[in-house]
Amino acid sequence: MFQHFEMGPIRPPSEAGSLLIRVTRNCPWNRCTFCPVYKGEDFSLRDTDDIIADIDTMAGIAEDLRQLSRDQGSGGQMTPAVVRQLLFREGQGLQVATFLAHGGQGAFLQDADSLVVKPPQLERILRHLKLRFPSLERITTYARSRTLLSRSVEQLESLREAGLTRVHVGLESGNDDVLTFMKKGVTGAQQVEGCTRVMQAKLELSCYVMPGLGGQRWTQAHAKDTARVLSAIAPDFIRLRTLAILPGSPLDAAQQSGEFEALSDLEIVEEIRRFIEALEEIPTYLASDHVLNLLGDLEGQLPKEKQALLGMVDTFLGLDDETRELFIIGRRVGLVHRPIDLFDEGIRERLVHAREQARKMPGGVKGALGVRYDLL
Ligand code: SF4
């Protein structure tokens with residue numbers, strides 16, 4: 001049995017192979033209307049000594065795993081055979097094994113806003129993490145841009161020197177009406193200021209944008225102002241994460257009352273096109289690495305691949321209604337990634353079958369996508 005360490009509920013998709021180090025619990029803000037992740041949970045800072053003890057526990061588990069691998073003749077590597085063995089053991093060996101199987105190079109500090117931890121304590125955690133896991137090349141965290149405003153460039157530089165490499169910011173929108181309605185607790189101008197400090201401290205910056213967040217009312221302004229704000233920041237990465245309205249969330253209530261009117265899938269893609277079009281010539285990588293995004297292949301380096309990115313959007317927009325519906329179903333059930341995948345006859349047949357089943361259900365195709373996996 002492996003020893004226990006504390007682990008938070010989420011990490012960015014790009015940190016799937018990272019070691020997860022929980023430095024705080026939940027979200028210190030916790031008011032964003034669209035966000036269900038920590039609702040009903042109280043925020044707390046964790047004791048630094050407890051976090052150090054967790055890191056030591058993980059380092060011990062990593063050593064046990066390497067020994068297990070050597071005992072099996074796998075030379076310390078995390079082979080599928082070693083990982084299979086862990087499925088039947090208690091504890092959190094699998095999380096550490098996943099990290100090792102990805103090369104042992106990345107760690108992510110949880111939960112929603114680790115930079116609220118006082119800089120000297122965070123530096124101690126980072127230094128200890130680097131000491132126990134010398135193979136680490138990347139240590140990243142989420143931070144609110146409002147919290148970044150309470151940290152000087154010098155403090156952020158000290159965190160970089162201690163080992164922090166990248167900050168993920170849930171920017172979501174650059175439009176003040178959208179930010180106010182969604183209770184994000186920050187303005188577009190503050191987002192520029194907070195995020196710029198990260199860039200000045202020579203940390204990598206990854207900004208999340210939420211297509212669809214402006215709804216029908218602000219879709220034009222959301223695209224335009226988000227592009228304007230990100231053009232001013234010029235982050236290393238822009239990551240798209242399409243709005244999903246979860247049942248029971250405050251945004252769901254706003255939708256029920258008519259206060260918020262969501263965009264259709266097609267309108268969201270049109271909004272993304274306007275957003276990309278409006279971005280200035282910034283040296284930023286645009287990524288679409290979230291399962292909620294309809295266009296999974298919408299990735300490329302700006303500004304040189306801007307036209308290619310717009311071309312990918314136009315390929316989707318140019319599909320006929322029937323093919324577009326099949327693509328949306330296929331994407332939602334995880335069968336297709338790009339429109340070109342629909343040329344596979346086997347896939348297309350399965351999707352046509354799924355659509356016929358969905359049409360017979362209450363709510364038709366749209367309603368059925370809520371129980372999507374039953375269709376195939
Ligand atoms: S700051 Fe982030 S984690 Fe906290 S409520 Fe807003 S979106 Fe959710």
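The residue numbers shown here count from 1 along each chain, following its written sequence. The model is predicted, so local features are restricted to residues of pLDDT at least 70 and side-chain atom pairs to those at 80 or more, both for listing and for counting; the totals for chains, interfaces and linings are taken over all residues. Each side-chain value is worked out from all heavy atoms of the structure, with water and hydrogens disregarded.

Engineer: I keep staring at the overall build of the protein and nothing clicks. Help me out?
Structural biologist: Within the protein one finds 15 helices and ten strands. Only C-alpha atoms enter the radius of gyration, while the globule expectation follows 2.2 Å times N to the 0.38, with N the number of residues. Its C-alpha atoms give the protein a radius of gyration of 22 Å, near enough to 21 Å, the size a compact globule of 376 residues would have. Principal-axis analysis of the C-alpha atoms places the extent of the protein at approximately 55 × 50 × 45 Å. Every one of the 376 residues in the protein was classed for burial, and the buried ones make up 52%. Residue-level accessible areas treat just the shown protein chains as cover; the underlying method is Shrake-Rupley with a 1.4 Å probe. As displayed, the protein has an accessible area near 17,000 Å², and 50% of this comes from carbon and sulfur atoms. Helix and strand definitions here come from DSSP, where helices need a minimum of 4 consecutive H or I residues and strands a minimum of 2 consecutive E residues; each element is numbered from the N-terminal end. Residue exposure (1.4 Å probe, protein chains only): buried if accessible area is under 20% of the type maximum, exposed if over 50%, otherwise partly exposed.

Engineer: Honestly, the sheet that holds strand β5 (residues 138-142) in this entry has me stumped. Any pointers?
Structural biologist: Remark on secondary structure: sheet strands pair via backbone hydrogen bonds, oriented parallel or antiparallel. The criterion for strand pairing is that DSSP finds at least two bridges linking the strands in question. Reading across from one edge, β1-β4-β5-β6-β7-β8-β9-β10 is the order of the eight strands in this open sheet, with mixed pairing throughout. Each edge of the open sheet is held by one strand with a lone partner, namely β1 (19-22) and β10 (300-301). In this sheet, strand β7 (residues 204-209) lies alongside strand β6 (residues 166-172) in parallel orientation, the contact comprising six bridges. Bridge pairing links H168 to S206 in β7. For this analysis, residues touch if any pair of their heavy atoms sits within 4.5 Å. Axis angles are defined between N-to-C directions and span 0 to 180 degrees, where every axis is a line fitted to C-alpha atoms and, for a helix, only to the segment in contact. Packed onto the sheet, helix α8 (residues 188-200) meets β6 and β7 and runs at close to 150° relative to β7. Contacts between helix α9 (residues 215-233) and the sheet are confined to β6, β7 and β8 (237-240), with β6 contributing the most and set at about 155° to the helix.

Engineer: What should I look at first to understand the packing of helix α1 (residues 48-71) against helix α3 (residues 93-101) in this one?
Structural biologist: Angle between the axes and distance between the axes are the two parameters that describe a pair of packed helices. The N-to-C vectors of α1 and α3 enclose an angle of 75°; their axes lie 9 Å apart at closest approach. Between α1 and α3, the interaxial angle falls into the category roughly perpendicular. The residues of α3 that touch α1, namely those facing M58, I61, A62, L65 and R66, are G93, V96, A97 and L100. For this classification, under 35 degrees means roughly parallel, over 145 means roughly antiparallel, 65 to 115 means roughly perpendicular, and everything else is oblique.

Engineer: Just to check I follow, could you spell out the environment of K183 for this structure?
Structural biologist: As for its position among the elements, K183 is in the loop between α7 (176-181) and α8. K183 sits in the partly exposed class, given a relative accessible area of 47%. A C-alpha to C-alpha distance of 26 Å links K183 and L266, two positions 83 residues apart in sequence. Ignoring any residue separated from it by four or fewer positions in sequence, one finds K183 in contact with W29, R31, C32 and T33.

Engineer: Sorry if this is basic, but what is going on with the packing of aromatic side chains here?
Structural biologist: In this description, an aromatic ring pair is defined by two values, namely the gap between the centres and the angle between the planes. Two rings belonging to Phe, Tyr or Trp (six-membered ring only in the last case) form a pair when the distance between their centres is within 6.5 Å. Interplanar angles under 30 degrees mark stacking, angles over 60 mark edge-to-face geometry, and anything in between is tilted. Applying the stated criterion across every chain yields a total of seven aromatic pairs. Relative to F133, the ring of F99 has its centre 5.5 Å away and its plane inclined at 85°; by these criteria the two rings are edge-to-face. Residue F99 is located in helix α3, and its partner F133 is located in the loop between α4 (119-132) and β5; the two are separated by 34 residues in the primary sequence. Plain terms: the ring middles of F108 and Y142 are 5.3 Å apart, the flat faces sit at 90° to each other, and that makes the pair edge-to-face. Of the two residues, F108 sits in strand β4 (residues 106-110) while Y142 sits in strand β5, which places them 34 residues apart along the sequence. By relative accessible area, F108 is classed as buried at 0%.

Engineer: For this particular structure, what's the right way to read the domain arrangement of the protein?
Structural biologist: In many analyses, interface size is given as the accessible surface area lost on bringing the parts together. Its domain assignment divides the protein into domain 1 (13-319) and domain 2 (320-376). Domain delimitation follows an automatic or database domain assignment. Taken over C-alpha atoms, the centre of domain 1 sits 29 Å from the centre of domain 2. Residue-level contacts link 15 residues of domain 1 with eleven residues of domain 2. Across the interface of domain 1 and domain 2, roughly 1,100 Å² is buried in total on both sides, 58% from carbon and sulfur atoms. The term salt bridge refers to a side-chain nitrogen of Lys or Arg lying within 4 Å of a carboxyl oxygen of Asp or Glu. Here domain 1 is connected to domain 2 by one salt bridge. D265 is the partner of R332 in a salt bridge, and the nearest nitrogen-oxygen pair spans 2.8 Å. Polar contacts here mean pairs of N or O atoms no more than 3.5 Å apart (in protein, one a potential hydrogen donor and the other a potential acceptor; neighbouring residues in sequence count only if both atoms are side-chain atoms). Taken together, domain 1 and domain 2 are joined by six residue pairs in polar contact (both at pLDDT 80 or more). Listed by contribution, the elements that provide at least two residues to the side of domain 1 that touches domain 2 are α11 (265-278) and α12 (306-317). When two parts are put together, the accessible area they lose, computed with a 1.4 Å probe and summed over both, is reported as buried area.

Engineer: Where do I start with the packing of α1 against α4 in this structure?
Structural biologist: For the pair α1 and α4, interaxial distance at closest approach is 10 Å and the crossing angle is 10°. Regarding the angle of α1 to α4, the classification is roughly parallel. In this structure, α1 crosses over α4, and the sense of that crossing is right-handed. Of the residues in α4, those in contact with T48, D49, I51, I52, I55, D56 and A59 of α1 are Q121, R124, I125, H128, L129 and R132. Residues belonging to the contact of α1 with α4 are distributed by class as follows: six nonpolar, three polar and four charged. Take the far helix as the reference: if the near one is turned anticlockwise from it by less than a right angle, the crossing is left-handed, and if turned clockwise, right-handed. Side-chain classes follow a simple rule in which Ala, Val, Leu, Ile, Met, Phe, Trp, Tyr, Cys and Pro form the nonpolar group, Asp, Glu, Lys and Arg form the charged group, and the remainder, Gly included, forms the polar group.

Engineer: Where do I start with α8 in this structure?
Structural biologist: At 3.6 residues per turn, the α-helix brings residues three or four places apart onto the same side. What a helix is expected to span follows from its residue count: subtract one and scale by 1.5 Å. Helix length check: α8 (13 residues) gives 18 Å between terminal C-alpha atoms against 18 Å at 1.5 Å per residue, within 8%. Restricting attention to buried positions, one finds in α8 the residues G188, Q191, G194, C195, R197 and V198. In this structure, the buried residues of α8 make contact with α5 (145-148), α6 (153-162), β6, α7, β7 and α9. Looking one or two residues beyond α8, the residue adopting positive phi is K202, at roughly 60°.

Engineer: Explain the nonpolar core to me, please; I cannot follow it from the model alone.
Structural biologist: Generally speaking, nonpolar side chains in soluble globular proteins are found buried as a group. In terms of nonpolar packing, the biggest core is built from 85 residues, with L129, F133 and F275 touching the most fellow members. Shared between two domains, this core holds at least three residues of each, these being domain 1 (13-319) and domain 2 (320-376). Every residue in contact with F133, bar those within four places of it in the chain, is listed here: L19, I55, M58, A59, A62 and F99. What makes a nonpolar core is a set of buried Ala, Val, Leu, Ile, Met, Phe, Trp, Tyr and Cys residues whose side-chain atoms join them at distances within 4.5 Å. Within the second largest apolar cluster, 13 residues are counted, among which are C32, F34, L213 and F260.

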